[in-house]
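# Structural features, examined
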Amino acid sequence: MNRHLSTEQLSSYLDGEIGFFETQELEHHLGGCAACRSQLESMQRLVIGVRRMERVAPPRAIAQEVRQRIAAEEAAPGWRRRLQVFLGGMAFQPALRTSAAMGLAFVFTLFLLNQSVEQEQRNLQPPAEAVVTVQTYFGDNSPAPLPLTTSEVAGRQFVWLGERWIQRGLEGEQPQTLVAARSPEGRAMLNAYSDLEFLISDGSRVVLRYRRATVELSGS
Amino acid sequence: MGVATVSAVVHDLEIDAELVERHRCGDAQAFNEVYARFEGMVYNLAFRLSGNPEEAADLTQEVFLRVYRHLGSFGGRSSLKTWIFRIAINHCRDRLSRWRPLTMPIGEATGDGEVAYPDPARGPEDLAVAADEGRRVAAGLARLPHAFREAVILRDIEGLSYEEIAEVLGVRIGTVRSRIARGRDQLRALLET
């Protein structure tokens, strides 16, 4: 071994965490290499320094606090305690634990199957328009103090432009109809696109395409 | 591992198994014994990791509550010591990541009514020098990256073997070897500056 020993080798050697043959090889190298011996001694001094640090006695109050909290937990009736006792008891009976795990897995599988059938049925129906995803980002034109928001309502995006939320693609278009949110027509729109309530809740107006017309919905 | 060490380990495992069994059977004294055996170890680990006596006291409480809740399901695949250390390390990581990174130097003297265990074999002068040296080392330890600090504390202060540290940290022995070596190297560099 001609090259110098690595820090990892010296550290493991110091801890006696290397094999017999590697130890012999290292000791042979250390016998002829003053630089590595010096490194080893330096590390040894450090380790002695760390090991000599005094241990700190824990405050007595900890034990008392722990006892009190345990006593409070023990005294507390209810589902949590019973569940803990039940789960703790299962540790004694691996067969019971395995059975319970299999049972849970079975119930979960049934749930997933049921969900997938329901999803299949939903796919056969016309798409619901009121399913929304809301994305939020910061901008300069938002109605203060809220950040500028784009909202996807049944696949449509709305952006805040100056004073109104405009459905993307309708920028620059003049609304053909003005609808108040409280009017029957407005309520029908909100029934169809419930997420619009989020946009008009602060009194903002929303321009969107509704029943082949460009409509402005007013929250106030 | 020598014959004496193996027999000590087997003895410890037997004590662990007996304590766990007694706890399962509702013997309240069993948990008290577990607490007495490992309280100092957990508190010192929490203190060295957090650098704050109050935080260490809170962490110790939380760790032992978890130990109490789960002792009945302890499977005995490791020793009780490494199991409790693992709970403590995970809890400290979780709590301290939300609390604050430890960047302040920590002192050997703890103040606030805390007392260090004095070594009766040392004279007063030696103790003073050791305390000063201890403060320097503690300050250096506090500046180590968390992963290295954990490894060095578990090895050099708590005296765990590489295998035990690997179990506690949930990493391979090679990683333990590397973290201890790099931690010591960085600590040495910090103390030299």
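Residues numbered from 1 in each chain as written. Chains lettered and ligands numbered in written order. Predicted model: local features only at pLDDT ≥ 70, side-chain atom pairs only at ≥ 80, totals over all residues.

### Overview of the overall build of chain B
Across its full length, chain B carries eight helices and one strand. Mapped from its N terminus to its C terminus, chain B presents α and β elements in the order α-α-α-α-β-α-α-α-α. The 193 residues of chain B split such that 36% are buried. (Helix = DSSP H or I, 4+ residues; strand = E, 2+ residues; numbered from the N terminus. Buried ≥ 20, exposed ≤ 12 C-beta atoms within 10 Å, placed from the backbone.)

### A closer look at the overall build of chain A
From N to C terminus, chain A includes eight helices and eight strands. Every one of the 220 residues in chain A was classed for burial, and the buried ones make up 17%. Within chain A, contacts between residues at least 6 apart in sequence are counted, and of these 48% link residues at least 24 apart. (Contact = placed C-beta atoms within 7 Å.)

### Some remarks on the interface of chain B and chain A
On the chain A side, the residues contacting the 41 residues of chain B number 31 residues. The set of elements that each furnish at least two residues to the side of chain B that touches chain A consists of helix H2 (28-50), helix H3 (53-70), strand E1 (115-116), helix H5 (124-142), helix H6 (146-157) and helix H8 (173-192) of chain B. It is H8 of chain B that provides the largest number of residues to the side of chain B that touches chain A, a total of eight residues.

### Overview of the nonpolar core
Membership of the largest hydrophobic core comes to 55 residues, with the highest contact counts inside it found for Val42, Ala46, Ile84, Ala88, Val152 and Ile165 of chain B. Among the elements that make up this core, the one with the highest residue count is H2 of chain B (nine residues). Beyond its immediate stretch of four places on either side in the chain, valine 152 of chain B contacts Val50 of chain A together with Leu141, Leu144, Ile180, Gly183, Arg184 and Leu187 of chain B. Of all hydrophobic cores here, the second largest spans 16 residues; its members include Trp165, Ile166, Met189 and Leu199 of chain A. (Core = buried A, V, L, I, M, F, W, Y, C linked by C-beta atoms within 7 Å.)

### Considering helix H3 (residues 34-51) of chain A
All names here are of chain A. For H3, with 18 residues, the first-to-last C-alpha span of 25 Å sits near the 26 Å given by 1.5 Å per residue. Restricting attention to buried positions, one finds in H3 the residues Cys36, Gln39, Met43, Leu46, Val47 and Val50. The arc enclosing the buried residues of H3, seen along the axis, measures out at 100 degrees, which places them on a common side. More than 90 degrees from the buried face of H3, the exposed residues found are Ala34, Ser38, Glu41, Gln44, Arg45 and Ile48. (Expected span 1.5 Å × (residues − 1). Arc of directions from axis to C-beta.)

### Details of H2 of chain B
Residue and element names in this part refer to chain B. For H2, spanning 23 residues, the distance from its first C-alpha to its last is 30 Å, which sits close to the expected 33 Å at 1.5 Å a residue. Its axis deflected by about 50 degrees at phenylalanine 38, H2 carries its strongest bend there. Taken from the residues just after H2, glycine 51 is the one with a positive phi, measuring 75 degrees. (Bend = angle between axes of the 7 residues up to and from the residue.)

### A short note on the environment of leucine 160 of chain B
Residues and elements named next belong to chain B. Within the secondary structure, leucine 160 sits in the loop between H6 and helix H7 (162-169). Judged by C-beta crowding, with 21 C-beta atoms within 10 Å, leucine 160 ranks as buried. Through-space distance from the C-alpha of leucine 160 to that of lysine 81 is 9.7 Å; in sequence the pair is 79 residues apart.

### Description of the packing of H6 of chain B against H8 of chain B
Residues and elements named next belong to chain B. Relative to each other, H6 and H8 sit at 95 degrees, their axes nearing to 8 Å. Viewed along their axes, H6 and H8 adopt a mutual orientation that is roughly perpendicular. Along the contact surface, H6 presents Ala147, Phe148, Arg149, Ala151, Val152 and Arg155, while H8 presents Val176, Arg179, Ile180, Arg182, Gly183, Arg184, Gln186 and Leu187. (Axes fitted to C-alpha atoms, helices over the stretch in contact; angles between N-to-C directions. Parallel < 35°, antiparallel > 145°, perpendicular 65-115°, else oblique.)

### Overview of the confidence of the model for chain A
It should be kept in mind that the predicted coordinates are not to be read in detail where pLDDT is low. Residue and element names in this part refer to chain A. Averaged over every residue, the pLDDT of chain A is 75; the share at 70 or more is 68%. The lowest-confidence element of chain A is strand E2 (residues 132-136), averaging 38 in pLDDT; the highest-confidence one is helix H1 (residues 7-14), averaging 96. Taken as a whole, residues 126-148 scores under 50 in pLDDT and shows 36 contacts with residues more than four places along the chain or in a different chain. (pLDDT = per-residue confidence, 0-100.)

### Looking at the packing of H6 of chain B against H7 of chain B
Residues and elements named next belong to chain B. At their nearest, the axes of H6 and H7 sit 10 Å apart, and the two run at 135 degrees to each other. It follows that H6 is oblique to H7 by the angle criterion. Relative to H7, the crossing made by H6 is right-handed. Contacts between H6 and H7 involve Glu150, Ala151, Leu154 and Arg155 from the former and Ile165, Val168 and Leu169 from the latter. For the contact of H6 with H7, the per-class residue count stands at five nonpolar, no polar and two charged. (Left-handed = near helix turned anticlockwise from the far one by under 90°. Nonpolar A, V, L, I, M, F, W, Y, C, P; charged D, E, K, R; others polar.)

### Regarding the environment of proline 175 of chain A
Among the structural elements, proline 175 of chain A can be located in the loop between strand E5 (164-167) and strand E6 (177-180). As for proline 175 of chain A and arginine 209 of chain A, which are separated by 34 residues in sequence, their C-alpha atoms are 9.0 Å apart.

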